[in-house]
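A structural walkthrough
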Amino acid sequence: MTEATILIRGARILAGAQAATTPIGDILIRGNTIVAVGEVPPQSPGSIDREIDGRGLLAAPGLINAHMHSQSSTMSGFADGLSHPAFMWLTQAHTSRRTPQEIRLAVLLSAAQMLTTGTTALIDHFPGQRFSTADMDAVLAAWEETGLRTTLAMRFFDGVFSDIIPAGIEVPASVTALVSGSGLLAPHPLAELREQMPDLITRWHGRSGRIGLCPAPSNPDRCSDEALLFCAELAQRHDLPIHTHLLETKAQARIARERYGESTVAHLERLGILSDRWSCAHAIWLDEADIALMAQRQAIAVHNPESNARIGTGRMRTPEMLAAGVPIALGTDGSGANDNLVMQEAMRAAALLHRSDLPDRRQWVSARDALRMATLEGARAIRLAGQLGEIAPGQLADIVLYRLDAPWWRPLNDAASQLVFAETGAAVTTAIVDGRVVLEDGRITTFDAEAALAEIEGMEATLRLRNADLFAAADAIARAVR
Ligand SMILES: [Zn+2]
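Residues numbered from 1 in each chain as written. Predicted model: local features only at pLDDT ≥ 70, side-chain atom pairs only at ≥ 80, totals over all residues.

Turning to the overall build of the protein chain, a few remarks are in order. Tallying secondary structure elements over the protein chain gives 18 helices and 17 strands in all. By principal-axis analysis of the C-alpha atoms, the protein chain measures approximately 70 × 50 × 45 Å. Going through the 482 residues of the protein chain one by one, you find that 55% of them count as buried. Residue pairs at least 24 apart in sequence account for 78% of intrachain contacts in the protein chain once pairs closer than 6 positions are excluded. (Helix = DSSP H or I, 4+ residues; strand = E, 2+ residues; numbered from the N terminus. Buried ≥ 20, exposed ≤ 12 C-beta atoms within 10 Å, placed from the backbone. Contact = placed C-beta atoms within 7 Å.)

Attention now moves to the pairing of strand β5 (residues 57-61). Within β5, five of the five residues are buried, which leaves it mostly tucked inside the rest of the structure. Neither face of β5 is exposed, since L57, A59 and P61 on one face and L58 and A60 on the opposite face are all buried. Both strand β1 (residues 5-13) and β5 contribute to a ladder of two bridges, which runs parallel. Directly across from R12, in β5, lies its bridge partner L58. (Pairing = 2+ DSSP bridges.)

The omega torsion across F126 and P127 is -10°, close enough to zero to call that bond cis. With respect to the helices and strands, P127 occurs in the loop between β7 (119-126) and α3 (133-146). Backbone torsion omega between R410 and P411 reads -10°, so that peptide bond is classified as cis. By the element assignment, P411 lies in the loop between β14 (399-403) and α15 (415-421). Its identity is not glycine, yet S208 carries a phi of approximately 60°, on the positive side. In this structure, S208 sits in the loop between α5 (190-204) and β9 (211-217). For H282, which is not glycine, the phi torsion reads 85° and is therefore positive.

Right, let's talk about the domain arrangement of the protein chain for a bit. We note that the domain assignment places domain 1 (5-61 + 390-444) and domain 2 (63-381) within the protein chain. When each unit is reduced to the centre of its C-alpha atoms, the spacing between domain 1 and domain 2 is 30 Å. The interface is formed by 24 residues belonging to domain 1 together with 24 residues belonging to domain 2. For the side of domain 1 that touches domain 2, the elements supplying multiple residues, two or more each, are α15, β15 (428-433) and β16 (436-440). Looking at the side of domain 1 that touches domain 2 element by element, the count peaks at five residues for α15. Split by residue class, the side of domain 1 that touches domain 2 holds 13 nonpolar, seven polar and four charged. (Domains from an automatic or database assignment. Nonpolar A, V, L, I, M, F, W, Y, C, P; charged D, E, K, R; others polar.)

Strand β2 (residues 24-30) sits mainly inside the fold: five of its seven residues count as buried. Relative to β2, β1 is paired through six bridges, and the arrangement is antiparallel. In the sheet register, I6 faces β2, and the bridge partner there is I29.

On to the sheet that holds strand β6 (residues 63-68). Taken together, four strands build an open sheet; the order of strands is β6-β7-β8-β9 and the sheet is parallel. Lying at the two open borders of the sheet, with one neighbouring strand each, are β6 and β9. Each adjacent strand pair in this sheet contributes to an overall mean axis angle of 15°, direction not counted. The pairing of β6 with β7 spans four bridges and is classified as parallel. (Axes fitted to C-alpha atoms, helices over the stretch in contact; angles between N-to-C directions.)

Given a rise of 1.5 Å per residue, 13 residues ought to cover 18 Å, and the 18 Å separating the end C-alpha atoms of helix α18 (residues 468-480) matches this to within 8%. Among the residues making up α18, those that are buried are L470, A473, A474 and I477. Looking straight down α18, one finds its buried side chains confined to an arc of 100°; they lie on one side. Looking at α18, the residues exposed on the side facing more than 90 degrees away from the buried face are A468 and R479. (Expected span 1.5 Å × (residues − 1). Arc of directions from axis to C-beta.)

Among the nonpolar cores identified, the biggest contains 153 residues, and I27, A59, V139, A301, L330, M347 and A370 are the most heavily contacted of them. Among the elements that make up this core, the one with the highest residue count is helix α2 (residues 100-115) (10 residues). Residue-level mapping places this core at the junction of two domains, with at least three residues from each of domain 1 (5-61 + 390-444) and domain 2 (63-381). Aside from chain neighbours lying at most four places away, what touches M347 is L330, A370, L371, A374 and V420. (Core = buried A, V, L, I, M, F, W, Y, C linked by C-beta atoms within 7 Å.)

Where α2 meets α3, the axes come as close as 9 Å, and the angle between the chain directions of the two elements is 35°. Crossing angle aside, the handedness with which α2 passes α3 is right-handed. Between α2, through P100, I103, R104, V107, L108 and A111, and α3, the contact on the second element is made entirely by A134, D135, A138, V139, A142, W143 and T146. (Left-handed = near helix turned anticlockwise from the far one by under 90°.)

A few words now on the packing of α3 against α5. Two numbers describe how α3 lies on α5: the axes approach to 11 Å, and their chain directions differ by 25°. With respect to α5, the axis of α3 lies roughly parallel. Like other packed secondary-structure pairs, α3 and α5 cross with a definite hand, here right-handed. For the pair α3 and α5, the contacting residues are T133, M136 and L140 in the first and Q196, D199, L200 and W204 in the second. In the contact of α3 with α5, the residues fall into four nonpolar, two polar and one charged. (Parallel < 35°, antiparallel > 145°, perpendicular 65-115°, else oblique.)

Its place among the elements puts T120 in strand β7. Note on T120: 29 C-beta atoms within 10 Å, which makes it buried. Through-space distance from the C-alpha of T120 to that of E345 is 15 Å; in sequence the pair is 225 residues apart. Other than its neighbours up to four places away in sequence, T120 contacts G62, L63, L148, R149, D398, V400, A431 and V433.

This is the structure in structure tokens:
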């Protein structure tokens with residue numbers, strides 16, 4: 001943690017999602033914490049390490065991307081019109097068998113998109129295959145390098161990844177072998193996870209004050225009950241969140257019913273582990289009882305509106321879930337399912353996609369609801385509720401500065417609304433994470449983004465050769481499932 005003191009002078013301040021006005025004021029940051037907001041009196045000479053001229057800028061809380069996959073960041077532009085199983089196989093082809101350097105480059109690509117567009121914290125649900133400790137060390141070292149506030153959701157499955165083998169169609173034996181044999185999607189033995197996860201937590205959790213870890217079922221239906229209970233116990237022991245995909249597709253809802261005789265949410269409740277530690281990406285195929293249970297336990301739904309629309313998996317019942325009291329955070333999902341990691345676009349989609357079908361405007365998700373999802377509720381998902389998501393004394397110093405001379409900010413009418421409906425991330429000039437300037441005049445200060453982007457250009461061709469069998473499997477599934 002840095003102990004530097006930063007003073008932002010004379011910015012317009014959007015303190016948080018509920019703020020009605022944007023008064024001009026100063027923000028004093030000491031170490032990783034905001035210590036004063038408003039009129040900060042002149043400080044004694046030498047006591048300020050860094051003064052930032054905030055005139056003409058809007059200071060807003062950094063956005064929190066509560067569901068993304070760093071490994072998919074190289075997949076922008078692929079898979080238009082593919083079914084969910086075909087998309088999942090294409091993702092396997094692109095993201096499997098990466099070297100530590102390729103894992104790092106995908107993180108830097110993700111970080112470059114988020115830092116330059118105003119996102120300061122994230123949950124990376126990584127990887128897409130059975131992981132090794134070396135994979136996890138590579139991804140964690142890369143996130144530490146970026147300066148972003150990161151929760152690495154250690155994604156695993158100790159059961160069968162059956163929902164991506166479509167029912168009732170002929171797929172080549174070589175494809176099923178990849179799932180059932182000793183391949184990439186073979187179940188991760190729980191005995192190994194019991195060793196790996198605590199070891200990773202011990203070595204990485206809390207590193208730099210910005211790196212967190214959490215257990216993360218790929219999807220509860222791809223895991224044994226014992227593994228889910230282990231996640232709950234591990235999270236309890238270390239006070240961690242638990243992250244997962246939940247009921248993203250209709251097929252997953254059907255599989256859960258067949259397997260449990262009840263929905264996945266009801267099953268987590270039956271196991272006694274549904275709680276406010278859970279943040280659940282997608283949460284689309286929930287029934288009334290599931291929504292009531294999520295609200296009762298304060299389990300968090302992470303809405304990914306663009307991804308859901310892009311792959312056509314369904315639409316989260318956001319207005320009903322908000323009304324029922326389910327906490328809702330927001331994510332972009334990986335770039336394979338939603339080509340960029342721009343949270344302003346995710347907010348906009350969250351506030352707009354349901355409106356045409358919902359005549360009662362009182363039920364609409366407002367811009368402020370969407371901003372709350374991307375700030376306070378995201379903070380809740382990474383277990384920093386009350387400490388992150390607003391610009392106020394005592395809060396962690398994750399702050400983004402936007403240029404108010406950008407045309408979509410002129411005139412300044414309603415900052416929260418314009419941040420959601422008008423901003424694209426393009427007016428971001430400065431980002432501070434945990435009291436450290438990580439983006440300055442639009443340039444990333446923590447790593448060489450240009451070099452990383454140049455190196456990524458050649459990765460695709462290498463992966464096509466290395467993973468030819470997986471690309472063939474993806475093609476076979478795409479042909480079989482129109
Ligand atoms: Zn996802």
